Amino acid sequence: MNRKLLITIHMYLAAFFAPAVLLVAISGGLYLAGVKGEVEQEVIYSSNTATIDSKSSSLHTDVATLLADAGVESYSYEYVKVSGANLYTRPTSTDHYIIKLNDTGLEVVHARPSLQSRMIELHKGHGPAAFKTFQKVFAVGLIFIMISGLWLGISATRLRRSTLLTAAAGAAVFALLLV
């Protein structure tokens, strides 16, 4: 592959994936700064007699039936995440439902994440299946962008020294922070 073509591919991929990089940087940075967003929760149904077996092979259908009993209409979800005594309809990057199981029955909670909480859920990979596929392509694209940028810097005589020094400094800081 010639240099001009590599630069063109590098540039187009970098431009295409810039919004995804911004989402990851902004949501992760805010999260680390303590801005984690909120998830507004409202109990919409409670029952002392209803039960759900979280290990059931028909869990998806059981949850759909429970949500219908709770008055939830026209709601679709991709799967149910079991976490301890709670069941979460996924994706959680949009409005979703939490089924809280306890000794006396269960509660169905409507969860409404704020924008920051939605971005964090996407950052964590808790978005829709199509977005998860995009994230996998994004990961491969970002690896290509980083390697091709490094290669382009090293292969240019006038950029080689500064590229190698900068890459070494970045590697050293990364290594020091791991300890």
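Below is a summary of the structure that appears in this document. Going along each chain's sequence as written, the residues are numbered from 1 onward. For a predicted model such as this one, the threshold for reporting local features is a pLDDT of at least 70, and the threshold for listing and counting side-chain atom pairs is 80 or more; totals across whole chains, interfaces and linings nevertheless cover every residue. The side-chain numbers reported here are obtained from all heavy atoms of the structure, hydrogens and water having been left aside.

### Section: the layout of surface pockets
Here a cavity denotes a set of grid points, spaced 1 Å apart and computed over the protein atoms alone, in which a 1.4 Å probe fits but from which it cannot get out, and a pocket denotes an open set meeting protein on both sides within 12 Å along at least five of seven lines; residues with an atom within 4 Å of a point are reported as lining. Grid points are joined across faces, edges and corners, and a volume is the space filled by probe spheres set on the points. Its volume calculated, the largest pocket comes out at about 270 Å³. As for the largest pocket, its lining consists of 17 residues, of which Val39, Tyr88, Thr92, His96 and Glu121 are closest to the centre. Helix and strand labels come from DSSP, where a helix needs a run of H or I of at least four residues and a strand needs a run of E of at least two; each type is numbered from the N terminus. Those elements giving two or more residues to the lining of the largest pocket turn out to be β1 (39-47), β3 (86-90), β4 (96-102) and α3 (115-123). With three residues, the top contributor of residues to the lining of the largest pocket is α3.

### Section: the side chain of Gln116
Within the secondary structure, Gln116 is located in helix α3. Throughout this description, buried means an accessible area under 20% of the type-specific maximum (1.4 Å probe, protein chains only), exposed means over 50%, and partly exposed covers the range between. Among the residues examined, Gln116 registers a relative accessible area of 8% and is labelled buried. Excluding residues that lie within four positions of it along the chain, Gln116 makes contacts with Ser27, Leu30, Tyr31, Val35, Lys36 and Gly37. Contact definition: two residues touch when any of their heavy atoms are within 4.5 Å.

### Concerning the packing of helix α1 (residues 3-32) against α3
The interhelical angle for the contact between α1 and α3, taken along N-to-C directions, is 115°, at an axis separation of 9 Å. Taken as axis vectors, α1 and α3 run roughly perpendicular relative to one another. For the element pair α1 and α3, the recorded crossing hand is left-handed. Contacts between α1 and α3 involve Leu23, Val24, Ile26, Ser27, Gly28, Leu30 and Tyr31 from the first element and Gln116, Met119, Ile120, Leu122 and His123 from the second. For the contact of α1 with α3, the class distribution of residues is eight nonpolar, four polar and no charged. Axis lines are fitted through C-alpha atoms, for helices just across the contact stretch, and the angle between N-to-C directions can take any value from 0 to 180 degrees. Angles are sorted into four bins: roughly parallel if under 35 degrees, roughly antiparallel if over 145, roughly perpendicular if 65 to 115, and oblique for all others. The handedness criterion is simple: a crossing whose near helix is rotated anticlockwise from the far helix by less than a right angle is left-handed, and one whose near helix is rotated clockwise is right-handed. When residues are grouped by polarity, Ala, Val, Leu, Ile, Met, Phe, Trp, Tyr, Cys and Pro land in nonpolar, Asp, Glu, Lys and Arg in charged, and all others, Gly among them, in polar.

### Observations concerning helix α4 (residues 129-155)
Take the number of residues in a helix, subtract one, and multiply by 1.5 Å to get its expected span. For α4, which comprises 27 residues, the first-to-last C-alpha distance of 39 Å matches the rise-based estimate of 39 Å (1.5 Å per residue) to within 8%. Among the residues of α4, Phe138, Gly141, Ile145, Ser148, Leu152 and Gly153 are the ones counted as buried. Packed against the buried residues of α4 are α1 and α5 (157-178).

### Overview of the sheet that holds strand β2 (residues 79-83)
Strands qualify as paired when DSSP identifies two bridges or more between them. Reading across from one edge, β1-β5-β4-β3-β2 is the order of the five strands in this open sheet, with antiparallel pairing throughout. At either end of the open sheet lies a strand with only one pairing partner, and these are β1 and β2. Between one strand axis and the next, the sheet turns through 25° on average, direction left out of account. Here β3 runs beside β4; their pairing, made up of three bridges, is antiparallel.

### Side note on unusual backbone geometry
That bond from Arg90 to Pro91 is cis: its omega, 15°, falls within 30 degrees of zero. Even without a glycine there, the phi angle at Ser74 is positive, about 55°. Mapped onto the secondary structure, Ser74 falls in the loop between α2 (59-69) and β2. Look at Ser74 and you get exposed, because its relative accessible area is 83%.

### Some details on a nonpolar patch on the surface
Here, patches come from residues exposed beyond 30% relative accessible area and free of salt bridges, joined within 9 Å for like charges and within 5 Å for nonpolar side chains (Val, Leu, Ile, Met, Phe, Trp, Tyr). Computed by Shrake-Rupley with a 1.4 Å probe, the accessible areas treat only the displayed protein chains as cover when residues are assessed. Here a salt bridge means any side-chain nitrogen of Lys or Arg lying within 4 Å of a carboxyl oxygen belonging to Asp or Glu. A cluster of nonpolar side chains, namely Leu22, Ile26, Leu30 and Val35, defines an oily patch on the protein surface of about 320 Å² accessible area. For Val35, the position within the fold is in the loop between α1 and β1.

### A few points about the pairing of strand β5 (residues 105-113)
The side chains of a regular strand alternate, first on one face of the sheet and then on the other. Within β5, seven of the nine residues are buried, which leaves the element mostly enclosed by the surrounding structure. As judged from the eight bridges shared by β1 and β5, these two strands associate in the antiparallel manner. Each bridged residue has a counterpart across the sheet, and for Val43 the counterpart in β5 is Val109. Relative to β5, β4 runs antiparallel, the two being bridged by seven bridges. Bridging from a neighbouring strand, Lys100 pairs with Glu107 of β5. Taking the residues that link successive antiparallel strands as the turn, the β4-β5 hairpin has two residues.

Structural measurements only, silent on function.
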